[in-house]
Amino acid sequence: MKSLIAIVTFTVTTVAFAQNVTLIRDATILTVSHGKIEHGSILIRGTKIAAVGPNDQITAPADAQIVNASGKFVLPGIVDTHSHTAIEGSVNEISLPNTGMVRIRDVVNNEDIDAYRELAGGTTTALMLHGSANSIGGQSQIAKWKWGRPASEWIVEDAPRTIKFALGENPKSSNFRPPAGIPLQYPSTRMGVEEVIRKSFLDARDYMAKWDEYDARKKRGENPIPPRRDLLMEEMADILRGNVDVHSHCYRSDEIMMLLSLSDELGFKIRELQHVLEGYKVAREIAAHGVGGGTFIDWWGYKAEAYDAIPYNVALMERAGVLTSVNSDSDELARRLNLDAAKAMKYGGLTEEEALKLCTLNPATQLRLDKRIGSIDVGKDADLAIWNGHPFSTYSRVDTTFIEGQIYFDRQRDLRLRQELAKEKADRLKKEADEAAKEKKEKTPEDKND
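Just so we're clear, the structure is a prediction, and the values are computed from it rather than from any experiment.

**What about the side chain of glutamate 278?**
Here comes step 1: Mapped onto the fold, glutamate 278 is located in the loop between β12 (270–275) and α7 (283–288).
Here comes step 2: For glutamate 278, a relative accessible area of 8% translates into the label buried.
Here comes step 3: Among the polar contacts listed, one links the side chain of glutamate 278 to the backbone nitrogen of serine 253, at a separation of 2.9 Å.
Here comes step 4: The contacts of glutamate 278, once residues within four sequence positions are left out, are Tyr251, Arg252, Ser253, Ile256, Glu305, Asp308 and Asn313.

Shown next, in the form of structure tokens:
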């Protein structure tokens, strides 16, 4: 089924690309950045949004592909800042407390059916993260779910570099104790987690100093032996230089404060706190550091450090000035982030537009891609989802999903494909049954006695 879906999707995207210009007409457009447009149109040229506004203000060339979206809603593609979808093999390189030298981009699996299913839920972009078994995990990758295309095309090449940190139960292996007789891997306490991060940056400072000394000697005309290249230290040094964004798994408020203090001490910047279920307790401190928060709205109690989670966390952080988003950490939840965003209107009283931003513009800003994605504005990537009703309704579904102007999910085509597959299966089973019956009938009495 995977391969057939991929073939059909590829056909659709090729046609859309050849036509180059698409007009989505007569929809309710939820721009996220500048309100709602009733009976509006979106003109797509190539990969970008060329125009957006009321129907009577948008014109298209005669050869444009017209998508009739009357009675439907258009939302920017949903952005997920915490995904483990489409990662080939184990998501955790668990062997060391700091594995910042490994890269998620090298193991992207473009045949993971969950990516297609997320397209069917309107999700188009994700931060593909290393797991949380290490205090400092691998290098993450921002990708778009370009189903049916090579894995190399999923990667957003000019996106910011990112890395995964982790605090709490997971990096200290609280729930993964080895059998008797096998020693614990360091760290096994929260103190140890902190020290792994501190020592990694102190080592990186020493590494940078050696290279600075080498460069200085070269400028003086000397011919020194260069220091040994170390991929892990190169990554840590680039975090200190501000070239790599840190996204950190965390839960407890005391550990959040520890990491904020550590960043002040060592001079690195945290871009986003992931999960951050106790963020509401220290929201003002998080906001003062200019750090974002990506959280669940109603996951709680699944382990000890999640016991104090509350559904009001999103609104309390948002009201304190924290740039907040909802993220998935789940192939299933990634298909329904629109509904998690909607819950913030009930639990905390966010406005509709504030809630819409939780799964679109806010996560795009946390990934530093808000100039390209996250809202429906001229010049941005044409990453869009057409819904048959308001995205905050549990009765609504996605009809069509675009990434950079090309269709990667089409519900009607998907339904036709399901019928074709069902017919193909029935035909093959009938053929096998007919052949088996014929073979049995043609057997001689001697064959039956054998």
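**Some words on helix α9 (residues 337–346)**
Here comes step 1: For α9, every residue scored as buried is listed here: Leu337, Asn338, Asp340, Ala341, Ala342 and Ala344.
Here comes step 2: Looking at the packing, one finds that the buried side of α9 touches β6 (78–83), α8 (313–319), β14 (324–326), α10 (352–357) and β15 (384–387).

**Details of the sheet that holds strand β13 (residues 292–295)**
By definition, the strands of a sheet pair up through backbone hydrogen bonds, in either a parallel or an antiparallel sense.
Here comes step 1: With respect to topology, six strands assemble into an open sheet ordered β8-β10-β11-β12-β13-β14, the strand pairing being mixed. Only two strands of the sheet have a single neighbouring strand rather than two, namely β8 (136–139) and β14. Mean inter-strand twist for the sheet, computed between neighbouring axes without regard to direction, equals 25°.
Here comes step 2: Summarising the sheet, β12 and β13 pair through four bridges and their orientation is parallel. Bridge pairing in β13 places glutamine 274 opposite glycine 294.
Here comes step 3: On top of the sheet, helix α5 (residues 231–240) reaches β8, β10 (161–166) and β11 (244–250); it is set at about 100° to β10, its chief contact.

**Side note on the confidence of the model for the chain**
Low pLDDT means the predicted atomic positions in that stretch should not be read closely.
Here comes step 1: Looking at the chain, the pLDDT average stands at 93 and 94% of residues meet or exceed 70.
Here comes step 2: In this model, residues 1–18 is a region of pLDDT below 50 whose contacts with residues beyond four sequence positions or in other chains number 31 contacts.

**Side note on the pairing of β12**
Here comes step 1: Of all six residues making up β12, five are buried, and the element is well covered by its neighbours.
Here comes step 2: Pairing analysis gives five bridges linking β11 to β12, with the strands arranged parallel. Of the residues in β12, the one forming a bridge with cysteine 250 is histidine 275.
Here comes step 3: Handedness of the β11-helix α6 (residues 253–266)-β12 crossover: right-handed.
Here comes step 4: You can see the chain leave β12, run along α7 and come back into β13, and the turn it takes is right-handed.

So, how was this worked out
Residues numbered from 1 in each chain as written. Predicted model: local features only at pLDDT ≥ 70, side-chain atom pairs only at ≥ 80, totals over all residues. Heavy atoms only, no water. Helix = DSSP H or I, 4+ residues; strand = E, 2+ residues; numbered from the N terminus. Buried < 20%, exposed > 50% of the residue type's maximum accessible area, 1.4 Å probe, protein only. Polar contact = N/O pair within 3.5 Å; in protein donor to acceptor, adjacent residues only side chain to side chain. Contact = heavy atoms within 4.5 Å. Pairing = 2+ DSSP bridges. Axes fitted to C-alpha atoms, helices over the stretch in contact; angles between N-to-C directions. pLDDT = per-residue confidence, 0-100. Right-handed = clockwise from strand over helix to strand, strands pointing away.

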